[in-house]
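Residues per chain are reported as follows:
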Amino acid sequence: MRIDVITLFPAMFQGPLTESILKRAQDEERLEIAFHDLRQFGLGKYHQVDDSPYGGGAGMLMRVDVVVKAIESVKAEKVGRAGKAKPHVIYFSPHGKKLKQAKVEKLAKKEWLILLCGHYEGIDQRVIDGSWIDEEISIGDYVLTGGELPAMVLIDAVARHIPGVLGKEASAHEESFSASLGRKKEYPHYTRPEEFRGLKVPDILLSGHHGEIEKWRKGQLR
Ligand code: SAH
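Calculation rules
Residues numbered from 1 in each chain as written. Predicted model: local features only at pLDDT ≥ 70, side-chain atom pairs only at ≥ 80, totals over all residues. Heavy atoms only, no water. Helix = DSSP H or I, 4+ residues; strand = E, 2+ residues; numbered from the N terminus. Areas by Shrake-Rupley, 256 points an atom, 1.4 Å probe, with all protein chains shown as cover. Lys, Arg positive; Asp, Glu negative; His and termini not counted. Charge placed at Lys NZ, Arg CZ, Asp CG, Glu CD. Near = heavy atom within 4 Å. Polar contact = N/O pair within 3.5 Å; in protein donor to acceptor, adjacent residues only side chain to side chain. Nonpolar A, V, L, I, M, F, W, Y, C, P; charged D, E, K, R; others polar. Contact = heavy atoms within 4.5 Å. Pairing = 2+ DSSP bridges. Axes fitted to C-alpha atoms, helices over the stretch in contact; angles between N-to-C directions. Domains from an automatic or database assignment. Parallel < 35°, antiparallel > 145°, perpendicular 65-115°, else oblique. Expected span 1.5 Å × (residues − 1). Buried < 20%, exposed > 50% of the residue type's maximum accessible area, 1.4 Å probe, protein only.

## Brief notes about the overall build of the protein
Working step 1: Secondary structure summary: the protein contains seven helices and nine strands in total.
Working step 2: Counting only C-alpha atoms, the protein reaches 70 × 40 × 30 Å along its principal axes.
Working step 3: When the accessible surface of the protein is totalled, it reaches about 13300 Å², and 52% of it is carbon and sulfur.
Working step 4: A distance of 4 Å separates the average location of the 33 positive side-chain charges in the protein from that of its 32 negative side-chain charges.

## Side note on the site of the ligand
Working step 1: The ligand sits among 21 residues. The nearest are Y91, F92, E121, G140 and Y142.
Working step 2: With respect to the ligand, the backbone of Y142 contributes an N or O atom lying 2.8 Å from a nitrogen atom.
Working step 3: In the complex, 87% of the free accessible area of the ligand, which totals 560 Å², lies under the protein chains.
Working step 4: Contributing elements (two or more residues each) for the shell around the ligand: strand 5 (88–98) and strand 7 (135–138).
Working step 5: Counting residues per element, the shell around the ligand draws most heavily on strand 5, which supplies five residues.
Working step 6: Along the lines of polarity and charge, the residues of the shell around the ligand split into ten nonpolar, ten polar and one charged.

## Comments concerning the environment of L31
Working step 1: Along the chain, the position of L31 falls in the loop between helix 1 (20–27) and strand 2 (32–37).
Working step 2: For the pair formed by L31 and R2, sequence separation is 29 residues and the distance between their alpha carbons is 6.1 Å.
Working step 3: The residues contacting L31, other than those within four sequence positions of it, are M1, I3, L22, A25, Q26, I155, A159 and I162.

## Regarding the sheet that holds strand 6 (residues 112–116)
Working step 1: Pairing is parallel across the open sheet formed by five strands, whose spatial order is 2-1-6-5-7. Each end of this open sheet is capped by a strand with a single partner; those strands are strand 2 and strand 7. For this sheet, the mean inter-axis angle between neighbouring strands, taken without regard to orientation, is 30°.
Working step 2: As paired elements, strand 1 (residues 2–7) and strand 2 share six bridges and run parallel to each other. Bridge pairing in strand 2 places D4 opposite A34.

## What about unusual backbone geometry?
Working step 1: A cis geometry characterises the amide bond from R192 onward to P193, with omega recorded as 5°.
Working step 2: Residue placement: P193 occurs in the loop between helix 5 (148–159) and strand 8 (195–196).
Working step 3: The backbone of E29 shows a phi angle near 60°, a positive value even though the residue is not glycine.
Working step 4: Topologically, E29 is positioned in the loop between helix 1 and strand 2.
Working step 5: Backbone geometry at H47 places phi at a positive 50°, although glycine is not the residue there.
Working step 6: Relative to the helices and strands, H47 resides in the loop between strand 2 and strand 3 (50–51).

## Description of the environment of V74
Working step 1: Mapped onto the elements, V74 comes out in helix 2 (residues 64–77).
Working step 2: When the C-alpha atoms of V74 and F35 are compared, they prove to be 9.8 Å apart, with 39 residues separating the residues in sequence.
Working step 3: Contact partners of V74, with chain neighbours within four places excluded, come to D4, I6, H36, W112 and I114.

## Some remarks on the domain arrangement of the protein
Working step 1: What the domain assignment reports for the protein is domain 1 (2–159) and domain 2 (170–219).
Working step 2: When each unit is reduced to the centre of its C-alpha atoms, the spacing between domain 1 and domain 2 is 37 Å.

## Details of the packing of helix 3 (residues 101–108) against helix 5
Working step 1: Direction vectors running N to C along helix 3 and helix 5 enclose 75°, while the axes themselves pass 9 Å from each other. When the axis of helix 3 is compared with that of helix 5, the two are roughly perpendicular. Judged by residue contacts, V104, L107 and A108 of helix 3 engage L154, A157 and V158 from helix 5.
Working step 2: Residue classes in the contact of helix 3 with helix 5 are distributed as six nonpolar, no polar and no charged.

## Details of helix 2
Each turn of an α-helix holds 3.6 residues, which means side chains three or four residues apart point in the same direction.
Working step 1: The end-to-end C-alpha distance of helix 2 is 20 Å, a good match for the 20 Å that 14 residues give at a rise of 1.5 Å each.
Working step 2: Residues of helix 2 that are buried include every one of V64, V66, V67, V68, A70, I71 and V74, and no others.
Working step 3: Buried residues along helix 2 sit in contact with strand 1, strand 2, strand 4 (61–62), strand 6 and helix 4 (126–129).

Pasting the structure below:
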(Lines give C-alpha, C1' and ligand atoms only; values in the text may rest on other atoms or scores of the structure.)
Protein backbone atom coordinates (compact mmCIF):
# COMPACT_ATOMS: atom_id res chain seq x y z
CA MET A 1 0.00 0.00 0.00
CA ARG A 2 1.07 3.55 -0.77
CA ILE A 3 0.20 6.42 1.58
CA ASP A 4 0.94 10.06 0.77
CA VAL A 5 0.57 12.49 3.63
CA ILE A 6 0.06 16.21 3.02
CA THR A 7 0.99 18.12 6.15
CA LEU A 8 2.54 21.34 7.39
CA PHE A 9 4.51 19.35 9.95
CA PRO A 10 6.10 16.24 8.42
CA ALA A 11 8.58 16.00 11.31
CA MET A 12 5.70 15.12 13.66
CA PHE A 13 5.58 11.70 12.03
CA GLN A 14 9.08 10.79 13.17
CA GLY A 15 8.82 8.27 15.96
CA PRO A 16 5.41 6.67 15.52
CA LEU A 17 6.23 5.62 11.96
CA THR A 18 9.93 4.90 12.46
CA GLU A 19 9.71 2.29 15.23
CA SER A 20 8.46 -1.24 15.73
CA ILE A 21 5.83 -2.76 13.44
CA LEU A 22 5.31 0.27 11.22
CA LYS A 23 9.05 0.59 10.66
CA ARG A 24 9.31 -3.07 9.69
CA ALA A 25 6.32 -2.78 7.36
CA GLN A 26 8.13 -0.02 5.49
CA ASP A 27 11.51 -1.79 5.55
CA GLU A 28 9.83 -4.83 4.00
CA GLU A 29 8.10 -2.59 1.46
CA ARG A 30 4.62 -3.70 2.39
CA LEU A 31 3.85 -0.10 3.24
CA GLU A 32 5.24 2.92 1.44
CA ILE A 33 4.73 6.34 3.05
CA ALA A 34 5.70 9.69 1.57
CA PHE A 35 5.34 13.13 3.13
CA HIS A 36 4.55 16.32 1.30
CA ASP A 37 5.21 19.56 3.13
CA LEU A 38 2.28 21.83 2.35
CA ARG A 39 4.62 24.79 2.75
CA GLN A 40 6.29 23.93 -0.58
CA PHE A 41 2.97 24.74 -2.31
CA GLY A 42 2.64 28.05 -0.44
CA LEU A 43 2.26 31.44 -2.12
CA GLY A 44 4.88 34.12 -2.62
CA LYS A 45 8.20 34.70 -1.02
CA TYR A 46 7.04 33.47 2.38
CA HIS A 47 5.23 30.40 1.05
CA GLN A 48 1.99 31.51 2.65
CA VAL A 49 -0.40 28.62 3.28
CA ASP A 50 -3.08 30.15 5.49
CA ASP A 51 -5.19 33.26 5.77
CA SER A 52 -7.74 34.86 8.09
CA PRO A 53 -11.37 33.76 7.77
CA TYR A 54 -13.96 35.78 5.84
CA GLY A 55 -16.56 37.09 8.25
CA GLY A 56 -13.96 37.44 10.96
CA GLY A 57 -13.18 35.24 13.93
CA ALA A 58 -10.17 33.75 15.58
CA GLY A 59 -7.53 31.59 13.96
CA MET A 60 -6.20 30.99 10.49
CA LEU A 61 -7.53 28.78 7.73
CA MET A 62 -5.56 26.78 5.22
CA ARG A 63 -6.14 28.29 1.79
CA VAL A 64 -8.14 26.41 -0.86
CA ASP A 65 -5.73 27.29 -3.70
CA VAL A 66 -2.71 26.01 -1.76
CA VAL A 67 -4.39 22.82 -0.53
CA VAL A 68 -5.82 21.96 -3.94
CA LYS A 69 -2.44 22.55 -5.59
CA ALA A 70 -0.90 20.09 -3.13
CA ILE A 71 -3.58 17.43 -3.68
CA GLU A 72 -3.40 17.71 -7.46
CA SER A 73 0.37 17.57 -7.44
CA VAL A 74 0.46 14.45 -5.26
CA LYS A 75 -2.22 12.78 -7.42
CA ALA A 76 -0.19 13.52 -10.54
CA GLU A 77 3.06 12.11 -9.14
CA LYS A 78 1.95 8.47 -9.13
CA VAL A 79 5.28 7.24 -7.87
CA GLY A 80 6.09 3.83 -6.42
CA ARG A 81 3.13 1.64 -5.60
CA ALA A 82 0.78 4.50 -6.52
CA GLY A 83 1.67 3.74 -10.16
CA LYS A 84 -1.61 2.57 -11.64
CA ALA A 85 -3.75 2.78 -8.52
CA LYS A 86 -6.69 5.09 -7.96
CA PRO A 87 -6.11 7.52 -5.10
CA HIS A 88 -8.50 7.75 -2.17
CA VAL A 89 -8.25 11.17 -0.54
CA ILE A 90 -9.08 11.55 3.15
CA TYR A 91 -9.33 14.79 5.09
CA PHE A 92 -9.21 14.52 8.87
CA SER A 93 -11.84 16.60 10.57
CA PRO A 94 -14.05 16.55 13.67
CA HIS A 95 -16.95 16.82 11.16
CA GLY A 96 -16.03 13.50 9.55
CA LYS A 97 -17.49 10.08 10.11
CA LYS A 98 -16.03 8.50 13.21
CA LEU A 99 -13.35 5.93 12.42
CA LYS A 100 -14.38 2.35 13.21
CA GLN A 101 -12.72 -1.00 12.60
CA ALA A 102 -14.95 -1.91 9.64
CA LYS A 103 -13.85 1.29 7.88
CA VAL A 104 -10.21 0.54 8.73
CA GLU A 105 -10.58 -2.87 7.07
CA LYS A 106 -12.08 -1.29 3.95
CA LEU A 107 -9.32 1.29 3.72
CA ALA A 108 -6.68 -1.42 4.13
CA LYS A 109 -7.86 -2.90 0.82
CA LYS A 110 -7.10 0.31 -1.05
CA GLU A 111 -3.82 0.53 -2.87
CA TRP A 112 -3.30 4.25 -2.49
CA LEU A 113 -4.39 6.68 0.22
CA ILE A 114 -3.75 10.42 0.27
CA LEU A 115 -4.15 11.88 3.75
CA LEU A 116 -4.70 15.61 4.20
CA CYS A 117 -3.92 16.97 7.65
CA GLY A 118 -5.60 20.23 8.60
CA HIS A 119 -4.08 22.60 11.14
CA TYR A 120 -5.05 25.86 12.88
CA GLU A 121 -8.82 26.45 12.39
CA GLY A 122 -8.95 23.90 9.58
CA ILE A 123 -9.30 24.32 5.82
CA ASP A 124 -11.42 26.48 3.51
CA GLN A 125 -14.77 24.67 3.09
CA ARG A 126 -14.41 24.77 -0.71
CA VAL A 127 -11.76 22.02 -0.57
CA ILE A 128 -14.55 19.78 0.76
CA ASP A 129 -17.35 21.18 -1.41
CA GLY A 130 -15.26 20.73 -4.56
CA SER A 131 -14.41 17.17 -5.53
CA TRP A 132 -10.94 17.02 -4.06
CA ILE A 133 -11.75 14.96 -0.97
CA ASP A 134 -13.27 11.47 -1.09
CA GLU A 135 -14.16 11.37 2.58
CA GLU A 136 -13.82 13.18 5.88
CA ILE A 137 -12.81 11.10 8.86
CA SER A 138 -12.87 11.96 12.55
CA ILE A 139 -11.03 9.96 15.18
CA GLY A 140 -13.38 11.01 17.96
CA ASP A 141 -15.54 13.76 19.38
CA TYR A 142 -12.82 16.08 20.59
CA VAL A 143 -10.69 18.71 18.88
CA LEU A 144 -6.97 18.30 18.22
CA THR A 145 -4.46 20.90 17.05
CA GLY A 146 -4.02 19.18 13.72
CA GLY A 147 -4.76 16.19 11.53
CA GLU A 148 -1.29 14.74 12.03
CA LEU A 149 -2.15 12.56 15.04
CA PRO A 150 -5.34 11.31 13.33
CA ALA A 151 -3.23 10.45 10.26
CA MET A 152 -0.85 8.44 12.44
CA VAL A 153 -3.77 6.68 14.11
CA LEU A 154 -5.25 5.75 10.75
CA ILE A 155 -1.92 4.60 9.28
CA ASP A 156 -1.28 2.43 12.34
CA ALA A 157 -4.76 0.89 12.33
CA VAL A 158 -4.73 0.26 8.57
CA ALA A 159 -1.18 -1.13 8.48
CA ARG A 160 -2.12 -3.99 10.83
CA HIS A 161 -4.43 -5.29 8.10
CA ILE A 162 -1.86 -5.31 5.31
CA PRO A 163 -0.88 -8.95 4.73
CA GLY A 164 2.38 -9.85 6.46
CA VAL A 165 2.65 -6.71 8.56
CA LEU A 166 1.81 -8.38 11.88
CA GLY A 167 3.98 -11.38 11.12
CA LYS A 168 2.93 -15.01 10.97
CA GLU A 169 2.09 -15.61 14.60
CA ALA A 170 -0.21 -12.61 15.04
CA SER A 171 -3.40 -11.93 13.18
CA ALA A 172 -5.65 -8.93 12.87
CA HIS A 173 -8.62 -11.22 12.30
CA GLU A 174 -9.40 -12.20 15.86
CA GLU A 175 -9.14 -9.00 17.81
CA SER A 176 -11.38 -6.43 19.38
CA PHE A 177 -13.94 -5.09 16.88
CA SER A 178 -13.06 -7.73 14.25
CA ALA A 179 -15.95 -9.37 12.38
CA SER A 180 -14.92 -12.80 13.71
CA LEU A 181 -15.51 -11.57 17.27
CA GLY A 182 -18.84 -10.06 16.26
CA ARG A 183 -17.28 -6.56 16.43
CA LYS A 184 -17.09 -7.02 20.21
CA LYS A 185 -14.18 -6.38 22.55
CA GLU A 186 -11.76 -9.23 22.89
CA TYR A 187 -11.50 -11.66 25.84
CA PRO A 188 -8.80 -11.04 28.51
CA HIS A 189 -5.28 -12.47 28.18
CA TYR A 190 -2.85 -13.85 30.76
CA THR A 191 0.77 -14.98 30.70
CA ARG A 192 3.30 -16.20 33.29
CA PRO A 193 3.45 -16.18 36.29
CA GLU A 194 0.43 -18.32 37.13
CA GLU A 195 -0.08 -16.36 40.32
CA PHE A 196 0.91 -12.79 41.08
CA ARG A 197 0.27 -11.30 44.54
CA GLY A 198 -2.74 -13.51 45.01
CA LEU A 199 -4.14 -12.90 41.52
CA LYS A 200 -4.55 -16.18 39.67
CA VAL A 201 -4.86 -17.02 36.00
CA PRO A 202 -8.36 -18.52 35.41
CA ASP A 203 -8.14 -22.35 35.83
CA ILE A 204 -9.78 -22.97 32.48
CA LEU A 205 -6.80 -21.47 30.65
CA LEU A 206 -4.45 -23.93 32.37
CA SER A 207 -6.71 -26.93 31.68
CA GLY A 208 -5.53 -27.71 28.16
CA HIS A 209 -9.14 -28.26 27.02
CA HIS A 210 -9.15 -26.22 23.82
CA GLY A 211 -12.90 -26.53 23.25
CA GLU A 212 -13.67 -25.35 26.78
CA ILE A 213 -11.14 -22.52 26.48
CA GLU A 214 -12.79 -21.35 23.26
CA LYS A 215 -16.19 -21.44 24.96
CA TRP A 216 -14.85 -19.44 27.93
CA ARG A 217 -13.27 -16.87 25.65
CA LYS A 218 -16.47 -16.41 23.67
CA GLY A 219 -18.29 -15.82 26.92
CA GLN A 220 -15.83 -13.10 27.84
CA LEU A 221 -16.47 -10.96 24.74
CA ARG A 222 -17.96 -7.58 25.57
N1 SAH B 1 -12.25 24.55 13.66
C2 SAH B 1 -12.39 23.14 13.61
C3 SAH B 1 -11.28 22.43 14.34
C4 SAH B 1 -9.95 22.60 13.70
S5 SAH B 1 -8.74 21.65 14.48
C6 SAH B 1 -13.73 22.75 14.26
O7 SAH B 1 -14.14 23.40 15.20
O8 SAH B 1 -14.32 21.74 13.83
C9 SAH B 1 -7.46 21.66 13.28
C10 SAH B 1 -7.34 20.41 12.44
O11 SAH B 1 -7.12 19.29 13.25
C12 SAH B 1 -8.54 20.07 11.60
O13 SAH B 1 -8.52 20.73 10.38
C14 SAH B 1 -8.40 18.56 11.43
O15 SAH B 1 -7.58 18.25 10.31
C16 SAH B 1 -7.68 18.15 12.70
N17 SAH B 1 -8.56 17.54 13.72
C18 SAH B 1 -8.89 18.09 14.91
N19 SAH B 1 -9.67 17.28 15.62
C20 SAH B 1 -9.86 16.16 14.88
C21 SAH B 1 -10.58 14.94 15.07
N22 SAH B 1 -11.29 14.71 16.18
N23 SAH B 1 -10.54 14.02 14.09
C24 SAH B 1 -9.84 14.23 12.98
N25 SAH B 1 -9.14 15.37 12.73
C26 SAH B 1 -9.14 16.33 13.66
